[in-house]
Amino acid sequence: MTNLQSTLVVGEEISHGHFGRVHIGHDGIRDPLAVKVLFAIEGETPHQWSARKTGLLQEGASLEKARHRNIVAVHYLCASATDDAIHLVMEYCSGGSFDALYKAGPIRPDLVLKAAREICHGLAALHDRGMLHRDIKPGNILLDANGVAKIGDFGFVTDEIIEGYAIGGGYRDHLAPEFYSDRISSVRTDLWALGVTLYRLLHGHHWYASGPAPRSVVQNGGYADTLEWLPHIGKKWRRVIRNLLKDAPDDRPTDARALNRLLADVEPLNWHCEISEDRTQWSRVVKSREIVVTLEKHNGRSFSWNAVSYPVTTGKSKTLYASGKMGYRQAERELRAYFD
Amino acid sequence: MSTRWLGTTVSGDKAVFVDASVPDDDGPIVVNADFTVKLQKGDRPTAYAAFAQEVADYAQEKGIARAAVKGSAVSQQGKPTLAHFEAAELRGVVIGALASVCGTETITKAAISRHYGDRKADEYIKDDGFWAENFDGQDLRAGSREAAFCILAKCSK
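Since we're looking at a predicted model, the values are computed, not measured.

### Some remarks on the overall build of chain A
If you tally the helices and strands in chain A, you get ten helices and 14 strands. Here the C-alpha coordinates of chain A stretch approximately 80 × 50 × 40 Å along the principal axes. Relative to its full complement of 340 residues, chain A shows a buried share of 49%. Sequence separation of at least 24 residues holds for 55% of the intrachain contacts in chain A that already meet a minimum separation of 6. For chain A, the computed accessible surface area is about 16700 Å², with 51% contributed by carbon and sulfur atoms.

Here is the structure:
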């Protein structure tokens, strides 16, 4: 039989996770590609190497089974003739993951909303085909060249589901309360993880990290009530995320489609928010004016805020509102009323 | 054996969907799901894209074989307004999305009245006994009867 060789050329590393490193690749047909690579590790037993290879093969099979516009596509698997390497070749998402965006600060609510709805489409298909993702988080949501959000990293995906439940697992800060009590995963634990993800995307890493880590408080119950919200995150967003983070699984939306219908009611507002040590600033362009809202921290107890309208091209700026000094809670209440 | 149908009505910025299994032999139609999908607020093209994907994905993943959509009709009460045209746009989105996945037909209420039974469509829709006799499975919301009736009128039962 003809001894065929792959045209795949593996380039630089673009990310790495639990189950291997991802490199950029080229094969002359679908360039560029994302290539998840596994190499046999020195000292690893044949059994361990075989188990890791099987894991990657299963990941590829799950991606294929879940093929959908909002799930990263898998193309093929390559194995070395010497059995010391295996590569899973996938669609390359040039927009990267939401992880870097999230670390840079709060992401505009309208962009999060669009991604959330697209992820719901992908997640609904995944669930309909009898799988659970178990690792929904900012780093596993990717953007393609057209800005379409896709679910990636199927390393934790399982189809071993009995009566709607599988063995629990995933990123520790995204585990639902029932993981701690019963060590289980379900459609609704994926929705919980999506709830934490949406909260994180809307608030950015700095804000999220200033609160307690979910892993240390979720098992106490009432996690949703402990969340601090940025004032521009409206009532409907809060309601959706609180619903996703209900302690009792039955109180959460029944599935990703039900969640998508709730998201349809959320206003896609385009407030850009930047947080620094002593100032939080929001900006938004409305027709020919840019509205800039600033919350100043004078000291730990004293805050003030103002809203100013600037011309995008020519014209005069106009102060819409300027508050006196006040405590944070009052400033937050006033800002919420302003943004609502 | 049965065929999975989706009956749909569009009104304003939302659409009602009734997903039902129609048995090949005699017997009641079994309602699998009855739900409403609302158009996303804000920019309409983006909202239409999300709406179309939601509808097409549902039909694809649930194995819908045929769809019946209540068609547009000329308003009998005054001039058509922008809201009528926008609802018609949304109806087009639904029809296109379903037709990309399964056999899709439109039917107007007037056509249902002409071709189904010996009463007007609205009389059937108000008749609780008729619904209890012909439909089984999940409870049907009162506002969803029109969508279910589109199936009944098209499935030749």
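### A closer look at the sheet that holds strand E13 (residues 303-311) of chain A
Within a sheet, each strand pairs with its neighbour through backbone hydrogen bonds, oriented either parallel or antiparallel. Residue and element names in this part refer to chain A. Taking strand neighbours across the sheet as the criterion, the five strands line up as E10-E11-E12-E13-E14 in an open arrangement whose pairing is antiparallel. Of all strands in the sheet, those with a lone pairing partner are strand E10 (272-275) and strand E14 (318-322), marking the two edges. Each neighbouring strand pair of the sheet contributes to a mean axis angle of 15°, computed without reference to strand direction. With nine bridges connecting them, strand E12 (residues 289-297) and E13 associate as antiparallel partners. Residue pairing for E13: Thr 294 is matched across the bridge by Asn 306.

### A word on unusual backbone geometry
Residue and element names in this part refer to chain A. In the segment running from Asp 31 into Pro 32, the intervening peptide bond is cis, with an omega of -10°. You can see Pro 32 is positioned in the loop between strand E2 (20-26) and strand E3 (33-39). Of note in the backbone geometry, Asp 153 takes a positive phi value of approximately 50° without being a glycine. Assignment of secondary structure puts Asp 153 in the loop between strand E7 (149-151) and strand E8 (166-167).

### Here we look at the interface of chain B and chain A
Accessible area lost during the coming together of the parts is what is often quoted as the interface size. Listed by partner, the interface residues are 15 residues for chain B and 19 residues for chain A. For the pair chain B and chain A, the summed buried area comes to about 1500 Å², and 40% of that belongs to carbon and sulfur atoms. The largest contributions to the chain B side of the interface with chain A come from Gln 40, Lys 41 and Glu 61 of chain B, which together make up 39% of the buried area. Linking chain B to chain A there are five salt bridges.

### A few points about the nonpolar core
Counting 77 residues, the largest nonpolar core has Tyr 223, Trp 237, Leu 263, Trp 282 and Val 293 of chain A as its most contacted members. Here the element with the most residues in this core is helix H5 (residues 187-209) of chain A; it accounts for eleven residues. When neighbours within four sequence positions are excluded, Leu 263 of chain A is seen to be in contact with Leu 113, Ala 116, Arg 117, Cys 120, Trp 237 and Val 240 of chain A together with Gln 40 of chain B. Within the second largest apolar cluster, 25 residues are counted, among which are Ile 29, Ile 107, Ile 125 and Phe 130 of chain B.

### Things to note about the domain arrangement of chain A
In terms of domain boundaries, chain A breaks down into domain 1 (9-91), domain 2 (99-263) and domain 3 (276-339). Just the C-alpha atoms count here: the centres of domain 1 of chain A and domain 3 of chain A sit 48 Å apart.

### Points about the packing of helix H3 (residues 109-128) of chain A against helix H1 (residues 44-61) of chain B
Helix-helix packing is described using two parameters, namely the angle between the two axes and the distance between the axes. Two elements in contact, H3 of chain A and H1 of chain B, have axes whose closest approach is 11 Å; the angle formed by their N-to-C orientations is 0°. The angle between H3 of chain A and H1 of chain B places the two elements in the roughly parallel class. Packed against H3 of chain A, whose contacting residues are Arg 117, His 121, Ala 125 and Asp 128 of chain A, the element H1 of chain B presents Ala 50, Gln 53, Glu 54, Asp 57 and Glu 61 of chain B at the interface. Grouping the amino acids of the contact of H3 of chain A with H1 of chain B by side-chain chemistry returns two nonpolar, two polar and five charged.

### Quick notes on the confidence of the model for chain B
In this model, chain B carries a mean pLDDT of 91, and residues with pLDDT of at least 70 account for 99%. Here the complex is predicted with pTM 0.93, and the ipTM for its interfaces comes to 0.88.

### Considering the pattern of salt bridges
Taken as a whole and judged by the stated rule, the model has 36 salt bridges over all chains. For Glu 13 of chain A, the salt bridge identified is with Arg 21 of chain A, shortest N-O distance 3.2 Å. Notably, a salt bridge pairs Glu 54 of chain B with Arg 261 of chain A, separated by 3.5 Å at the nearest N-O pair. You can see Glu 54 of chain B sitting in helix H1 and its partner Arg 261 of chain A sitting in helix H9 (residues 256-263), one on each of two chains. In this structure Glu 54 of chain B comes out as buried when scored by relative accessible area, which is 4%. Each of Lys 70, Lys 109, Asp 122 and Glu 146 of chain B takes part in salt bridges that share partners, so that together they form one network.

The rules we used
Residues numbered from 1 in each chain as written. Chains lettered and ligands numbered in written order. Predicted model: local features only at pLDDT ≥ 70, side-chain atom pairs only at ≥ 80, totals over all residues. Heavy atoms only, no water. Helix = DSSP H or I, 4+ residues; strand = E, 2+ residues; numbered from the N terminus. Buried < 20%, exposed > 50% of the residue type's maximum accessible area, 1.4 Å probe, protein only. Contact = heavy atoms within 4.5 Å. Areas by Shrake-Rupley, 256 points an atom, 1.4 Å probe, with all protein chains shown as cover. Pairing = 2+ DSSP bridges. Axes fitted to C-alpha atoms, helices over the stretch in contact; angles between N-to-C directions. Buried area = accessible area lost by both parts, 1.4 Å probe. Salt bridge = Lys/Arg side-chain N within 4 Å of Asp/Glu carboxyl O. Core = buried A, V, L, I, M, F, W, Y, C linked by side-chain atoms within 4.5 Å. Domains from an automatic or database assignment. Parallel < 35°, antiparallel > 145°, perpendicular 65-115°, else oblique. Nonpolar A, V, L, I, M, F, W, Y, C, P; charged D, E, K, R; others polar. pLDDT = per-residue confidence, 0-100.

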